[in-house]
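Topology and contacts: notes
What follows is the residue order along each chain.
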Amino acid sequence: MEHRRPEDPRSTAELISISLRGEPDDARALDALHLLHWRGTRDVLEAAAHLLRSPLLHERGRGADILGQLGIPERTFPDECVRLLLDLLRRETEPAVLESGATALGYFRDPRAVPALVKLKAHPSAAVRFGVVQGLSGQEAPEAVAALIELSGDADENVRNWATFELGTQLEADTPELREALLRRVSDPNEEIRGEALVGLARRKEPGVREPLVAALSAPNVLVLAVEAAELLEDPRLLPILVELRDRPGEADDYFRQVLDKVIHGYESALTR
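Rules used throughout
- Residue numbers restart at each chain and count upward from 1, following the sequence in its written direction.
- Local features are withheld for residues below a pLDDT of 70 in this predicted model, meaning they are given only at 70 or higher, and side-chain atom pairs are given and counted only at 80 or more; totals for whole chains, interfaces and linings count all residues.
- Hydrogens and waters are ignored; side-chain quantities use all the structure's heavy atoms.
- Numbering of helices and strands runs from the N terminus, with a helix taken as a DSSP run of H or I at least four residues long and a strand as a DSSP run of E at least two residues long.
- Buried Ala, Val, Leu, Ile, Met, Phe, Trp, Tyr and Cys residues form a nonpolar core when they are joined through side-chain atoms within 4.5 Å.
- Residue burial is assigned from relative accessible area. The probe radius is 1.4 Å, only protein chains are included, and a residue is buried under 20% of its type maximum, exposed over 50%, and partly exposed in between.
- Pairs of residues are marked as contacts when any of their non-hydrogen atoms sit within 4.5 Å.
- Counted as salt bridges are all cases of a side-chain nitrogen of Lys or Arg within 4 Å of a carboxyl oxygen of Asp or Glu.
- Centres within 6.5 Å make a pair out of two Phe, Tyr or Trp rings, where for Trp the six-membered ring is used; the pair is then stacked when the planes are under 30 degrees apart, edge-to-face when over 60, and tilted otherwise.
- Helix span, expected: 1.5 Å multiplied by one less than the number of residues in the helix.
- Here the arc refers to the set of directions running from the helix axis out to each C-beta atom.
- Here a polar contact means two N or O atoms within 3.5 Å. Within protein one must be a hydrogen donor candidate and the other an acceptor candidate, and residues neighboring in sequence count only if both atoms are side-chain atoms.
- The convention used is that axes are lines fitted to C-alpha atoms, helices contributing only their stretch in contact, and that angles between N-to-C directions extend from 0 to 180 degrees.
- When an angle is under 35 degrees it counts as roughly parallel; over 145 it counts as roughly antiparallel; between 65 and 115 it counts as roughly perpendicular; any other value is oblique.
- All amino acids are sorted into three groups, where Ala, Val, Leu, Ile, Met, Phe, Trp, Tyr, Cys and Pro are nonpolar, Asp, Glu, Lys and Arg are charged, and the leftover types, Gly among them, are polar.

1. Considering unusual backbone geometry
- A cis amide bond links I72 to the next residue, P73, at an omega of 5°.
- One can find P73 in the loop between α4 (57-68) and α5 (78-91).
- A positive phi is found at F77, a non-glycine position, where the angle reads about 55°.
- Although it is not a glycine, R109 adopts a positive phi angle of roughly 50°.

2. Details of the nonpolar core
- I66, L213, L217, V227, L238 and L242 are the most contacted members of the largest nonpolar core, which has 82 residues in total.
- Sorting elements by how many residues they give to this core places helix α14 (residues 224-233) first, with seven residues.
- Setting aside anything within four residues of it in sequence, one finds I66 in contact with I16, L33, L36, H37, V44, A48 and L51.

3. A look at the pattern of salt bridges
- Counted under the stated rule, the structure contains 22 salt bridges.
- Of the charged contacts, one joins R179 and D174 as a salt bridge, the two residues approaching to 2.7 Å between their closest N and O atoms.
- Looking at R179, the relative accessible area reads 18%, which means it is buried.
- When its relative accessible area of 40% is taken as the criterion, D174 is described as partly exposed.
- A salt bridge links R246 to D247; the shortest N-O distance between them is 3.1 Å.
- Residue R246 is classed as partly exposed on the basis of its relative accessible area of 31%.
- Taken together, the shared-partner salt bridges connect D79, R83, D110 and R112 into one network.

4. Concerning the environment of L98
- Along the chain, the position of L98 falls in helix α6 (residues 95-105).
- For L98, a relative accessible area of 3% puts it in the buried group.
- For L98, the residues in contact, after removing those within four places along its chain, are L89, E92, T93, L120, H123 and V128.

5. Quick notes on the packing of aromatic side chains
- Counted by the stated rule, this structure contains two aromatic pairs.
- Here W162 and F165 contribute two aromatic rings whose centre-to-centre distance is 5.7 Å and whose plane-to-plane angle is 85°, an arrangement assigned as edge-to-face. Here W162 pairs with F165, and both are found in helix α10 (residues 157-170), just three residues apart, close to one helical turn.
- A connected cluster of aromatic rings, assembled from ring pairs, spans F130, W162 and F165.

6. A short note on helix α16 (residues 254-271)
- Taking 1.5 Å of rise per residue, the 18 residues of α16 would be expected to cover 26 Å, and the 26 Å separating its terminal C-alpha atoms lies within 8% of that figure.
- Within α16, the full set of buried residues consists of F256, V259, L260, V263, I264 and Y267. Along the long axis of α16, the arc covered by the buried residues comes to 130°, so they all point the same way. Along α16, the residues that are exposed and aim more than 90 degrees away from the buried face are D254, Q258 and H265.
- Lining the buried residues of α16 we find α14 and α15 (239-246).
- Between the side-chain oxygen of the N-cap and the backbone nitrogen of Y255 there are 3.1 Å, and the N-cap of α16 in question is D253.

7. A look at the packing of helix α3 (residues 42-51) against α5
- Relative to each other, α3 and α5 sit at 5°, their axes nearing to 11 Å. One finds that α3 runs roughly parallel with respect to α5. Residues R42, L45 and A49 of α3 form the contact with α5, whose own contacting residues are E80, C81 and L84.
- The class makeup of the residues in the contact of α3 with α5 is four nonpolar, no polar and two charged.

8. Observations concerning the side chain of D154
- Along the chain, D154 falls in the loop between α9 (142-151) and α10.
- What makes D154 buried here is its relative accessible area of 10%.
- Of note is the side chain of D154, whose polar atom sits 2.8 Å from the backbone nitrogen of D156.
- In this structure D154 touches R129, V159 and R160, once residues within four positions along its chain are discounted.

Structure follows, in structure tokens:
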């Protein structure tokens with residue numbers, strides 16, 4: 001399928017200038033950023049590389065933001081983008097810029113990024129550690145998986161949540177250490193993290209997930225992640241619990257109901273085969 005790039009009469013310099021105005025998530029700035037991504041030309045690459053050398057940290061961060069998705073949906077200059085971002089990580093000290101650079105590397109899933117990202121896994125800034133999680137997305141190398149396992153126990157809830165999601169859902173890796181890390185998260189204080197851990201363990205058919213999953217499905221407040229984990233585990237002993245959940249009094253949103261009905265139907269169909 002051919003993707004038509006959006007046309008815009010403004011020059012690359014104009015779009016760069018707009019992307020730097022106001023807060024980083026300003027709507028007009030983000031619109032300009034997305035146009036630069038789509039444009040993806042050599043002059044955009046060179047402008048971003050120039051920003052990486054700016055004395056202003058917000059300009060360096062924006063340069064990394066541009067490189068991260070340059071040329072979408074068909075990436076342009078990926079090798080040069082990765083080399084520029086790795087060079088940035090080697091010399092940068094500002095947490096906000098390190099986060100942008102690490103996050104940008106996650107769009108490439110280039111194995112060359114793993115050592116540089118792993119070096120930052122214990123950075124004192126939670127924002128940088130969050131960027132490391134994003135940067136390691138989909139990386140199956142043992143040192144990447146080990147770093148995500150460590151970050152799944154991070155003191156920062158957001159870092160912990162995304163690292164658990166990466167381990168549970170985004171990776172195909174399946175090791176005893178990874179399963180143990182997910183099992184530790186089924187008792188996390190954050191319910192979403194508990195749900196992500198249940199999904200990851202159910203994907204791997206981990207026997208130890210059944211007890212915490214039954215508890216999650218029987219709790220007063222049940223997340224859709226627990227229902228999705230029940231579907232993945234494919235354990236017919238869960239069907240009565242799912243039916244009881246469906247028949248509980250009270251309201252549930254439409255999406256939750258749809259997922260629950262689908263999972264119950266799948267179990268019932270399997271039993272009649």
